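If you want the building blocks of each chain, they are given just below.
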Amino acid sequence: RDCDEAALSHGSQPADYARGIVSVCQTYTESPLPCAPGISGADLKKRIRDIMAWRGSLPITKTGKAVLIAAAISAISLPFAIGILRAQSLPPAPRYGYAAVSIHKSDPNERNIRFSDGPQGGIRTTNTTPAKMIAFAYHVEDYQIAGAPSWASSESFDVLFTPDVTEKTPDSQAGPQVWEGFWNRNRERMQEVLRDRFGLVLRVEMRELPIYRLLEANGGNKLVRHTDETKRLDITTNNNRQIRATDVTLDLLAAQLSMQFNRPVRNETHIDGEYDFTIDWVPDPELPEGPVIEALNKTLGLRVESAKGPVPVYVIEKLNHPTEN
């Protein structure tokens, strides 16, 4: 009532003011959002009657109307804006957790970095930096992580956790969807480990970054369909001079190239299906990506173009050294 009287005493016409309130409520009920305008409720009818019965209004100038409209828009839109920005800036909470976790500094003589399955279907990491753990947990590449302290890329840890619910590690004959589900659940468990034991706090923001577009060559592609059902999905890079793939989609090829180029590669070929191929190239230290791009064109009939595009970046706000156990 104080708000209404203040607005009306500054010259707003009761009918216009009441119509504005009803309009906002109508818009909210037609398109509900995760927050309310704070003007509906059981007393809305009485509130409208009180506004219409108010007799203290004065003529209002154009400037006064503009000020009132601006104030109303600000009051209504600010909570929505805060909610939307917050929703865009925080990664979704993990749905899976861990029952127990062990963390130790890695052997300084260890040279291999490994992620493998652990007891009860959990995860074991060897000689792994927190930056690599974050990239694994959120399924992103190194170039998508910003703001991490320097030690996060120089100090390595061995981490072993068991899941909150016992997992069955898929066997070698399991399909790619089964393995993907297994790893994705454990990625979320790793997120819990990072949050609880490393104190990880991060936000996600979209940044315009250099990317590559994977396209079909002007003369058409030279892809060979996968037909041997005895051979399962596999894609590997050998000594930075060969990519060998079996039963692979071009989305998977783009993901592999993203790691190879350390830059996002977007599959824009619009070519579906699974393929087998091998591409070879001679490394060039001065132009690392050039020979790969040339081999893609020559062997597969695919071309790569430079571009810019929105890329989600995970910004580290807090990361602590873990306590060992």
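Residues numbered from 1 in each chain as written. Predicted model: local features only at pLDDT ≥ 70, side-chain atom pairs only at ≥ 80, totals over all residues. Heavy atoms only, no water.

*Asks:* Account for the overall build of the chain, with residues named and values stated.
*Replies:* A count of helices and strands for the chain gives 8 helices and 12 strands. The burial tally for the chain puts 36% of its 325 residues in the buried class. Counting contacts in the chain only where the partners sit at least 6 residues apart, residues at least 24 apart contribute 76% of the total. A total accessible area of about 19200 Å² is found for the chain, and carbon and sulfur atoms account for 53% of it. (Helix = DSSP H or I, 4+ residues; strand = E, 2+ residues; numbered from the N terminus. Buried < 20%, exposed > 50% of the residue type's maximum accessible area, 1.4 Å probe, protein only. Contact = heavy atoms within 4.5 Å. Areas by Shrake-Rupley, 256 points an atom, 1.4 Å probe, with all protein chains shown as cover.)

*Asks:* Talk me through the layout of surface pockets; I want residue IDs and the actual numbers.
*Replies:* For the largest pocket, the calculated volume is near 1500 Å³. Mapped by element, the contributors of at least two residues to the lining of the largest pocket are α5 (130–137), α6 (176–197), β8 (234–238), α7 (250–261) and β10 (265–267). With 7 residues, α7 is the single largest residue contributor to the lining of the largest pocket. (1 Å grid on protein atoms, 1.4 Å probe; cavity = no way out; pocket = protein on both sides within 12 Å on 5 of 7 lines; lining within 4 Å. Points joined across faces, edges and corners; volume = space filled by probe spheres on them.)

*Asks:* With reference to specific residues and values, describe the pattern of salt bridges.
*Replies:* For the structure shown, the criterion picks out 14 salt bridges. Across the pair E317 and R203 runs a salt bridge whose closest N-O atoms are separated by 3.1 Å. Placement of the pair is E317 in strand β12 (residues 302–318) and R203 in strand β6 (residues 201–216), with a sequence separation of 114 residues. E317 gets classed as partly exposed once you look at its relative accessible area, which sits at 48%. Here R203 falls in the partly exposed class, since its relative accessible area comes to 27%. (Salt bridge = Lys/Arg side-chain N within 4 Å of Asp/Glu carboxyl O.)

*Asks:* Describe the sheet that holds strand β5 (residues 157–163), and please don't skip the residues or the numbers.
*Replies:* Ordered by their spatial adjacency, 4 strands build an open sheet running β1-β5-β3-β2, and the pairing between neighbours is antiparallel. Either end of the sheet is taken by a strand with one partner, and the two such strands are β1 (98–105) and β2 (114–117). Neighbouring strand axes in the sheet, compared pairwise and without regard to direction, differ in orientation by 10 degrees on average. In terms of strand pairing, strand β3 (residues 123–128) meets β5 through 4 bridges, oriented antiparallel. Each bridged residue has a counterpart across the sheet, and for I123 the counterpart in β5 is F161. (Pairing = 2+ DSSP bridges. Axes fitted to C-alpha atoms, helices over the stretch in contact; angles between N-to-C directions.)

*Asks:* So what about the pairing of β8? Which residues, and what values?
*Replies:* Inspection of the sheet shows β8 paired to strand β9 (residues 242–248) by 5 bridges, in the antiparallel sense. In the sheet register, N238 faces β9, and the bridge partner there is Q242.

*Asks:* Requested: an account of the packing of aromatic side chains, with residues and values cited.
*Replies:* Overall, the coordinates contain 7 aromatic pairs when judged by the stated rule. Between Y212 and F261, the aromatic rings sit 5.3 Å apart at their centres with planes inclined by 70 degrees, giving edge-to-face as the arrangement. Of this pair, Y212 sits in strand β6 while F261 is found in helix α7, placing the two residues 49 residues apart along the sequence. One exposure class covers both Y212 and F261, and it is buried. (Phe/Tyr/Trp six-rings, centres within 6.5 Å; stacked < 30°, edge-to-face > 60°.)

*Asks:* Go over the environment of G199 with me, naming the residues and quoting the values.
*Replies:* Relative to the assigned elements, G199 resides in the loop between α6 and β6. Leave out the neighbours within four places in its chain, and G199 touches L194, K318, L319 and N320.

*Asks:* Lay out the confidence of the model for the chain with the relevant residues and their values.
*Replies:* Here the chain shows a mean pLDDT of 84. Residues at 70 or above account for 84%. Across residues 30–37, where pLDDT falls below 50, the model places 8 contacts with residues more than four positions away in sequence or in other chains. (pLDDT = per-residue confidence, 0-100.)

*Asks:* An account of the packing of α5 against α6 is requested, with residue identities and associated values reported.
*Replies:* In the contact formed by α5 and α6, the axes pass within 8 Å of each other and the chain directions differ by 135 degrees. Here α6 runs oblique to α5, going by the angle between their axes. Regarding α5 and α6, the two cross each other, and that crossing is left-handed. Residues M133, I134, F136 and A137 of α5 pack against W183, N186, R187, M190, Q191 and L194 of α6. Its residues assigned to classes, the contact of α5 with α6 comprises 7 nonpolar, 2 polar and 1 charged. (Parallel < 35°, antiparallel > 145°, perpendicular 65-115°, else oblique. Left-handed = near helix turned anticlockwise from the far one by under 90°. Nonpolar A, V, L, I, M, F, W, Y, C, P; charged D, E, K, R; others polar.)

*Asks:* Mind laying out the packing of α7 against helix α8 (residues 290–300), listing which residues take part and the relevant values?
*Replies:* The geometry of α7 relative to α8 is characterised by a closest axis approach of 12 Å and an angle of 155 degrees between their N-to-C directions. Accordingly, the angle class assigned to the pair α7 and α8 is roughly antiparallel. For the pair α7 and α8, the contacting residues are L253, L257, Q260 and F261 in the first and V292, I293, L296 and L300 in the second. Here the residues of the contact of α7 with α8 are counted per class, giving 7 nonpolar, 1 polar and no charged.

*Asks:* Can you tell me about a negative patch on the surface, naming the residues and giving the values?
*Replies:* Taken together, the side chains of E229, D251, D272 and E274 make up a negatively charged region of the molecular surface. Residue placement: D251 occurs in helix α7. (Patch = residues over 30% accessible without salt bridge, like charges linked within 9 Å, V, L, I, M, F, W, Y side chains within 5 Å. Lys, Arg positive; Asp, Glu negative; His and termini not counted. Charge placed at Lys NZ, Arg CZ, Asp CG, Glu CD.)

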